[in-house]
Amino acid sequence: MAAEMYTTTSGSQEMKDVAKHPVKSQAEIRAPVEGKDKLWIKFVSFFWDTARKGPEEQALLNRLDFFLLSYIVLSFLIKTLDQTNITNAYVSGMKEDLALNGNELNYFTTAYNMGYLVGSMPIQLLMGYVRPSVVLPACEVVWGALVMALAGANSAKYIYIFRAIIGFLEAAAYPAFARCIGSWYKPDELGKRMILFGISASLASMISGYIQAGVYTSMNGVHGLAGWRWLFIIDGVISIPIACMGFVFFPDFPTTTRAMWLNEQQRALAIRRMDEIGRAPPRRMTVKRFVMVWFQWRTHAYLWTNLMSGLQQGQMAYMNLWLKSLKYSVQKINILPTIGYAIAIVCAYIYAIISDHTGWRWQLMVTGFLFKLLGNILLAVWDIPFGLKFFAYLCPNFGEQNLFLTWAAENFQDDSEIRGILPAAGNMLMFGFNAWVPVLIFPTAKAPVFLVGYSCSAGFCVVGILGILLMRYLFIRRAKQLGYVKNEYGLLIPPELGTEYVPRDEESGGETVSLEKETVAVYATDK
């Protein structure tokens, strides 16, 4: 599929066509269908909010969940699998086969991180001109092929090169997925969908252990290939079909979508839903706008707090090295850490439900940091009973840091592009530091005892907590200065929003499209 140039200008014929198909009134859209007051419906809606929606919204959400979320979950799952399988391979025979005796495992991670660092921002900016529904699947097809090619590695140098390219391409996924989800769902829906990032990543890490254990047992030596080589082949074979789904399943954004599985009335409803909560649609990213992003305090508050989240995740990453030092079998080394990932999946969804029902975002983020802080302190002490040490390795999974994406989507909802740029910039900063910090504080030669590493990670947790509290204070102060008020979803917005007002730049040439006496902001260019 050839990449096509696209625009989000208000004069597009596509937007005018959408406006010709008005959606029903808010009362009709939100009216519960007959029988919705039944207890079992209330019970189901507690776990998945679509059940309590009216028929129009329910139809839209069902389609979004089936197409958009299924692709994102599968794609992010395979991305995480492709990213983490290097550790499973290392402890399952790669080290011995390739005679790796130094810090090669850390250098493999560093190569990936450097590629990710270089690719994050350029690919996000590219998606301002070429549809994400083209860019993302294309990147995934290529990185899937490269993962398969790792099966032929005969030296560490070969792996360094391919890991760097894979990191470059995978940099497209995380920020784009976060931005897209934040552009389609309301606050009472957003937490559960965003948390699927965490669930899919944990599921991938868990599956990777079971896959490697199964491959090592059943395929080691088949056709003369070691089990760890078969792991890369299987990962690549899974990746490519999922990538091809993205060309059809990924809908771009409400004001630019051409998804064949949404009709025009559903597109209009999607635009109106975001208009109701004050979430801005895409605009053209100019050089001036891009430069001004870096002169906002909230940009740097987000980036450095996000960095602390990424720098203190050492516990689970090195659990298998601890198990290997205890002379556990290869199968147990791969399987035992999956207990933590199972805990993470359950806790992530519990956090999401609580967050969407109560509006608690930053409170639960702090809770996640506290669990990680506890684990790092215990591992820094090290001389503790086996059971307590096992618990310490599992501690990160009792918190859920992926709510940071949800909180950021709501605090930056006035700018669609910044919601994509900031996760990309955050990843650049995080992967830039991760390119050298783990090598410095978690040297593989000292495994599994990392006094300096776990002590530093505990410090990162403390700084992260303070960063969240500071962001909370600064966002509230900014809202008071601008005279913002809380809407029905607890979001701080200009007081005129929620009536017939939609924020727009009058100097930009933007125009409004009438949808049953309500307005939708569509931006042409930016001043």
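Residues numbered from 1 in each chain as written. Predicted model: local features only at pLDDT ≥ 70, side-chain atom pairs only at ≥ 80, totals over all residues. Heavy atoms only, no water.

1. Points about the packing of aromatic side chains
Basically, it comes down to this: Classification of ring pairs rests on two measures: the distance between centres of Phe, Tyr or Trp rings, Trp counted by its six-membered ring, which must be within 6.5 Å, and the angle between planes, read as stacked under 30 degrees, edge-to-face over 60 and tilted in between. Under the scheme used here, helices are H or I runs from DSSP no shorter than 4 residues and strands are E runs no shorter than 2 residues, and both carry numbers assigned from the N terminus. Burial classes: relative accessible area under 20% of the type maximum marks a residue as buried, over 50% as exposed, and values in between as partly exposed (1.4 Å probe, protein chains only).
Summed over the entire model, instances satisfying the criterion amount to 32 aromatic pairs. Taken together, a centroid distance of 5.3 Å and an interplanar angle of 55° make the contact between F108 and Y160 tilted. Here Y160 lies in helix 7 (residues 156-170) and F108 lies in helix 5 (residues 104-126), a separation of 52 residues in the sequence. Judged by relative accessible area, F108 falls into the buried class, the value being 0%. A relative accessible area of 25% means that Y160 is categorised as partly exposed. Their ring planes at 45° and their centres at 5.9 Å tell us that Y112 and Y116 sit as a pair that is tilted. Within this pair, Y112 and its partner Y116 are both found in helix 5, separated by 4 residues, close to a single helical turn.

2. Thoughts on the packing of helix 14 (residues 297-311) against helix 22 (residues 416-434)
Which entries qualify depends on this criterion: Lines fitted to C-alpha atoms define the axes here, with helix axes fitted over just the stretch in contact, and angles between the N-to-C directions of these axes take values from 0 to 180 degrees. Orientation is classified from the angle alone, with under 35 degrees giving roughly parallel, over 145 giving roughly antiparallel, 65 to 115 giving roughly perpendicular, and any other angle giving oblique. Crossing handedness is read from the near helix: turned anticlockwise from the far helix by less than a right angle, it gives a left-handed crossing, and turned clockwise, a right-handed one. Here, residues are in contact when the closest pair of their heavy atoms is within 4.5 Å. In this classification, Asp, Glu, Lys and Arg are treated as charged, Ala, Val, Leu, Ile, Met, Phe, Trp, Tyr, Cys and Pro as nonpolar, and every other residue, Gly included, as polar.
At their nearest, the axes of helix 14 and helix 22 sit 9 Å apart, and the two run at 45° to each other. Considering their axes alone, helix 14 and helix 22 lie oblique with respect to each other. Here helix 14 runs over helix 22; the crossing is right-handed. The residues of helix 22 that touch helix 14, namely those facing T299, Y302, L303, W304, N306, L307, G310 and L311, are I418, L422, P423, A425, G426, N427, L429, M430, F433 and N434. Its residues assigned to classes, the contact of helix 14 with helix 22 comprises 12 nonpolar, 6 polar and no charged.

3. Section: the packing of helix 4 (residues 55-97) against helix 11 (residues 227-249)
Where helix 4 meets helix 11, the closest approach of the two axes is 9 Å, and the angle between their N-to-C directions is 165°. In terms of their interaxial angle, helix 4 and helix 11 are classed as roughly antiparallel. Between helix 4 and helix 11 lies a crossing of left-handed hand. Looking at the contact of helix 4 with helix 11, its residues break down into 18 nonpolar, 8 polar and 3 charged.

4. Considering helix 14
The α-helix winds at 3.6 residues per turn, so residues separated by three or four positions along the chain end up facing the same way. The test is simple: What a helix should span is 1.5 Å times the count of its residues minus one.
With 15 residues, helix 14 should reach 21 Å at 1.5 Å per residue; the first-to-last C-alpha distance of 21 Å fits that figure. Buried residues dominate helix 14, accounting for 12 of its 15 residues. Of all the positions in helix 14, only R298, T299, A301, Y302, L303, T305, N306, L307, M308, S309, G310 and L311 are classed as buried. Buried residues in helix 14 make contact with helix 13 (287-293), helix 19 (362-381), helix 21 (403-411), helix 22, helix 23 (437-441) and helix 24 (451-481).

5. Focus: the pattern of salt bridges
Convention followed: Whenever Lys or Arg places a side-chain nitrogen within 4 Å of a carboxyl oxygen from Asp or Glu, that contact is recorded as a salt bridge.
For the structure on display, the rule yields 17 salt bridges. A salt bridge links D188 to K53, with the nearest nitrogen and oxygen atoms 3.0 Å apart. Residue D188 is located in helix 9 (residues 187-194), and its partner K53 is located in the loop between helix 3 (39-47) and helix 4; the two are separated by 135 residues in the primary sequence. Like D188, the residue K53 is buried in the burial classification. Taken together, the salt bridges that share partners define one network made up of R52, K53, E57, K186, D188, E189, R273 and E276.

6. Quick look at the confidence of the model for the protein
Definition in use: Looking at any residue, its pLDDT shows the predictor's confidence there, from 0 to 100.
The pLDDT averaged across the protein works out to 80; a share of 85% of its residues lies at or above 70. Low pLDDT (under 50) marks residues 25-29, which in the prediction has 13 contacts with non-local residues, meaning those over four places away or in another chain. Of the regions scoring below 50 in pLDDT, residues 31-36 engages in 10 contacts with residues more than four places distant in sequence or in other chains.

7. Looking at the nonpolar core
Inclusion rule: The term nonpolar core refers to a set of buried residues drawn from Ala, Val, Leu, Ile, Met, Phe, Trp, Tyr and Cys, joined through side-chain atoms within 4.5 Å.
With 128 residues, the main nonpolar core has M94, F177, Y185, F197 and F232 as its most contacted residues. Broken down by element, this core gets its largest block of residues, 14 residues, from helix 4. Formed by 9 residues, the second largest nonpolar core is a distinct cluster that contains L77, L81, W230 and L231.

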